[in-house]
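Next come the chains, spelled out residue by residue.
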Amino acid sequence: MRLPAPRGPITAALFDRLAGPPGDLEPPLVTPPPARALDDGDLQLALFACYELHYRGFDDVDDGWEWQPALLAVRLDLERCFGGALARAVPRPPVVPPERVRSALAGLVAEAEREAPLSQHLQRAADLEQFREFVVHRSIYHLKEADPHTWAIPRLDGGPKAALVEIQADEYGGGRAERMHAELFRATMTGLGLDGSYGAYLDRVPGVTLAVSNVMSLFGLHRARRGALAGHLAALEMTSSAPNRRYGAGLRRLGHGPDVTRFFDEHVQADAVHEQIAAHDLCARLAAQEPSLTGDVLYGAACALEVERRWAHHVMSRWRQGRTSLEEAPLAAAS
Ligand SMILES: [Fe+2]
Ligand SMILES: [Fe+2]
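Residues numbered from 1 in each chain as written. Chains lettered and ligands numbered in written order. Predicted model: local features only at pLDDT ≥ 70, side-chain atom pairs only at ≥ 80, totals over all residues. Heavy atoms only, no water.

## Here's the deal with the overall build of the chain
Counting its regular elements, the chain contains 14 helices and zero strands. A compact globule built from 335 residues should have a C-alpha radius of gyration of about 20 Å, and the chain, at 19 Å, falls within 12% of that. Dimensions of the chain, computed from C-alpha atoms along their principal axes, come out at roughly 50 × 50 × 40 Å. Looking at the chain residue by residue over its 335 residues, the buried ones come to 54%. Excluding contacts between residues fewer than 6 apart, the proportion of contacts in the chain whose partners are at least 24 apart in sequence is 81%. Within the structure as shown, the chain displays about 14,000 Å² of accessible surface, and the carbon and sulfur contribution to it stands at 52%. (Helix = DSSP H or I, 4+ residues; strand = E, 2+ residues; numbered from the N terminus. Rg over C-alpha atoms; globule rule 2.2 N^0.38 Å. Buried < 20%, exposed > 50% of the residue type's maximum accessible area, 1.4 Å probe, protein only. Contact = heavy atoms within 4.5 Å. Areas by Shrake-Rupley, 256 points an atom, 1.4 Å probe, with all protein chains shown as cover.)

## Thoughts on the coordination of the iron ion (ligand 2)
Around the iron ion (ligand 2), the protein supplies Glu171 (OE), Glu237 (OE), Glu237 (OE), Asp271 (OD) and His274 (ND1) as donor atoms, at distances of 2.1 to 2.6 Å. Spacing between the donor residues of the iron ion (ligand 2) along the chain follows E-x65-E-x33-D-x2-H. Between the iron ion (ligand 2) and the iron ion (ligand 1), both coordinated by glutamate 171, there is a metal-metal distance of 4.0 Å. On the criterion of helical spacing, the pair formed by aspartate 271 and histidine 274 is a turn pair, its members being three residues apart in helix α13 (residues 258-289). In terms of burial, aspartate 271 and histidine 274 fall into one category: buried. (Donors = N, O, S within 2.8 Å, 3.2 Å for Na, K, Ca; no water.)

## Observations regarding the coordination of the iron ion (ligand 1)
Taken together, the protein donors to the iron ion (ligand 1) comprise Glu145 (OE), Glu171 (OE), His181 (ND1) and His267 (NE2), at separations of 1.8 to 2.1 Å. In this structure, the iron ion (ligand 1) is coordinated by four donor atoms arranged in irregular fashion, with angles at the metal of 82 to 170°. (Tetrahedral: all angles 85-135°; square planar, octahedral: opposite > 155°, others 65-115°.)

## Considering the packing of aromatic side chains
With the rule as written, the count across this model stands at eight aromatic pairs. Judged by centre distance (6.2 Å) and plane angle (40°), the rings of phenylalanine 134 and tryptophan 311 are tilted. Of this pair, phenylalanine 134 sits in helix α6 (residues 128-142) while tryptophan 311 sits in helix α14 (residues 294-320); the two residues are 177 residues apart in sequence, bridging distant segments of the chain. A residue is classified by how much of its surface remains accessible, and phenylalanine 134, at 1% relative accessible area, is buried. Taking relative accessible area as the criterion, tryptophan 311 reaches 1% and is therefore assigned buried. Sitting above the plane of the tyrosine 299 ring, arginine 92 keeps its charged end 4.7 Å from the centroid. Sitting over the face of the ring of tyrosine 55, lysine 144 holds its NZ or CZ atom 4.0 Å from the ring centroid. (Phe/Tyr/Trp six-rings, centres within 6.5 Å; stacked < 30°, edge-to-face > 60°. Lys NZ or Arg CZ within 6 Å of the ring centre and 35° of its normal.)

## Observations concerning helix α8 (residues 158-171)
When the terminal C-alpha atoms of α8 are compared, their 20 Å separation across 14 residues agrees well with the 20 Å that a helix rising 1.5 Å per residue should span. Just downstream of α8 lies glycine 173, where phi reads positive at about 85°. (Expected span 1.5 Å × (residues − 1).)

## As for the packing of helix α11 (residues 226-238) against α14
At a minimum axis distance of 6 Å, the contact between α11 and α14 shows a crossing angle of 50°. Of the possible angle classes, the one that applies to α11 and α14 is oblique. At the point where α11 passes α14, the crossing takes the right-handed sense. Taking contact as the criterion, the partners of Gly227, Ala228, Gly231, His232 and Ala235 in α11 are, on α14, Asp296, Val297, Gly300, Ala301, Ala304 and Leu305. Of the residues in the contact of α11 with α14, the class split is six nonpolar, four polar and one charged. (Axes fitted to C-alpha atoms, helices over the stretch in contact; angles between N-to-C directions. Parallel < 35°, antiparallel > 145°, perpendicular 65-115°, else oblique. Left-handed = near helix turned anticlockwise from the far one by under 90°. Nonpolar A, V, L, I, M, F, W, Y, C, P; charged D, E, K, R; others polar.)

## Observations concerning the confidence of the model for the chain
Looking at the chain, the pLDDT average stands at 95 and 98% of residues meet or exceed 70. In the model, residues 330-335 has pLDDT below 50 throughout and makes 13 contacts with residues more than four positions away in sequence or in other chains. (pLDDT = per-residue confidence, 0-100.)

## Remarks on the state of the cysteines
A complete count under the given rule lists zero disulfides for this structure. A disulfide-free cysteine, cysteine 50 has its sulfur positioned 12 Å from the sulfur of cysteine 81, the nearest such atom. (Disulfide = S-S within 2.5 Å.)

## A short note on the pattern of salt bridges
Side chains that differ in charge, positive against negative, can pair when their charged atoms come close. Evaluated as defined, the whole model comprises 18 salt bridges. Between glutamate 129 and arginine 132 there is a salt bridge whose closest N-O contact spans 3.2 Å. With a gap of three residues between them, glutamate 129 and arginine 132 both fall in helix α6, about one helical turn apart. Taking the relative accessible area as the measure of exposure, arginine 132 reaches 11% and is therefore buried. Connected via shared salt-bridge partners are Arg36, Asp39, Glu306, Arg309 and Arg310. (Salt bridge = Lys/Arg side-chain N within 4 Å of Asp/Glu carboxyl O.)

## Re the side chain of asparagine 244
Along the chain, asparagine 244 turns up in helix α12 (residues 241-253). In contact with asparagine 244, other than residues within four places in its own chain, are Phe263, Phe264, His267 and Val268.

## Some points on the side chain of histidine 149
The residue histidine 149 is located in helix α7 (residues 147-150) in this model. Taking relative accessible area as the criterion, histidine 149 reaches 1% and is therefore assigned buried. Residues contacting histidine 149, with those up to four places away along its chain left out, are Tyr141, Leu164, Gln168, Met216, Leu229, His232, Leu233 and Leu236.

## Description of unusual backbone geometry
With a phi angle near 85°, alanine 146 is a residue other than glycine that sits in the positive phi range. The topology assignment puts alanine 146 in the loop between α6 and α7. Residue classification places alanine 146 among the buried residues on the basis of a relative accessible area of 2%.

So this is what it looks like as structure tokens:
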């Protein structure tokens with residue numbers, strides 16, 4: 001993947017420096033903070049690029065930038081903006097005793113699922129172009145599916161660690177590369193005539209989509225936020241099975257077969273199991289082991305649900321206006 005095009009003053013300055021050898025990043029790039037940090041394309045793309053240095057990096061960026069102190073300082077400024085905006089948008093759920101963590105998570109999820117028109121639209125009414133847009137948005141996370149939560153493995157112990165590894169082993173295909181969920185998603189993209197290479201559509205997704213991935217990396221890269229990361233994973237797993245059934249049904253309605261629907265079909269089954277493991281064996285046990293993390297577990301889940309809600313709202317409102325939910329240029333088909 002190559003560095004995307006800049007979207008504003010932060011990315012213009014940051015990407016200009018990243019294209020050169022690792023060094024200083026003065027003056028501070030993030031002043032004053034963007035007012036709408038959760039949706040701001042410039043801020044979210046800058047943060048995404050900083051995080052990406054810890055995943056696969058960019059072909060045109062020196063790997064030495066990853067631990068460059070000046071880069072980490074910029075990342076911290078961006079995280080303060082993002083974290084502050086999250087804190088304003090997501091009220092901290094009331095803390096409960098560890099034995100009630102599972103039901104508290106279920107309560108948060110039930111509240112979020114009451115309002116979920118996107119998956120129903122994709123099942124019943126979306127046309128092929130809308131499905132392709134949906135898949136382009138999702139590709140930002142699904143082509144590295146599970147990677148952000150893997151950061152938590154060395155930070156956990158005992159039962160919660162075993163539970164997370166059990167989930168991740170499935171996400172990574174149980175030792176079979178072609179069964180990795182990221183690979184199943186790539187097959188969906190290819191089947192829909194899209195480019196399945198990593199990061200191919202980074203230039204096409206708005207800030208609200210990048211925020212969905214950035215919140216996982218924010219929780220994943222800070223050990224102090226391991227509780228929030230566990231709760232985030234539980235929220236993903238607990239809101240996966242039913243929508244994925246609808247996505248698969250929508251694609252079959254449009255005439256697609258198992259080569260395209262496998263990713264979604266797989267999640268109907270797998271996540272019905274994963275949600276039990278994530279809520280009980282990971283989150284409830286982590287709360288029992290480290291009670292001080294209980295509030296963070298629930299907050300992480302609430303953040304996952306809120307960034308997803310905002311993203312789905314963006315997509316549906318654009319479609320209701322007869323507009324694309326992506327950034328400008330037309331979708332590039334796979335060559
Ligand atoms: Fe998965
Ligand atoms: Fe899963």
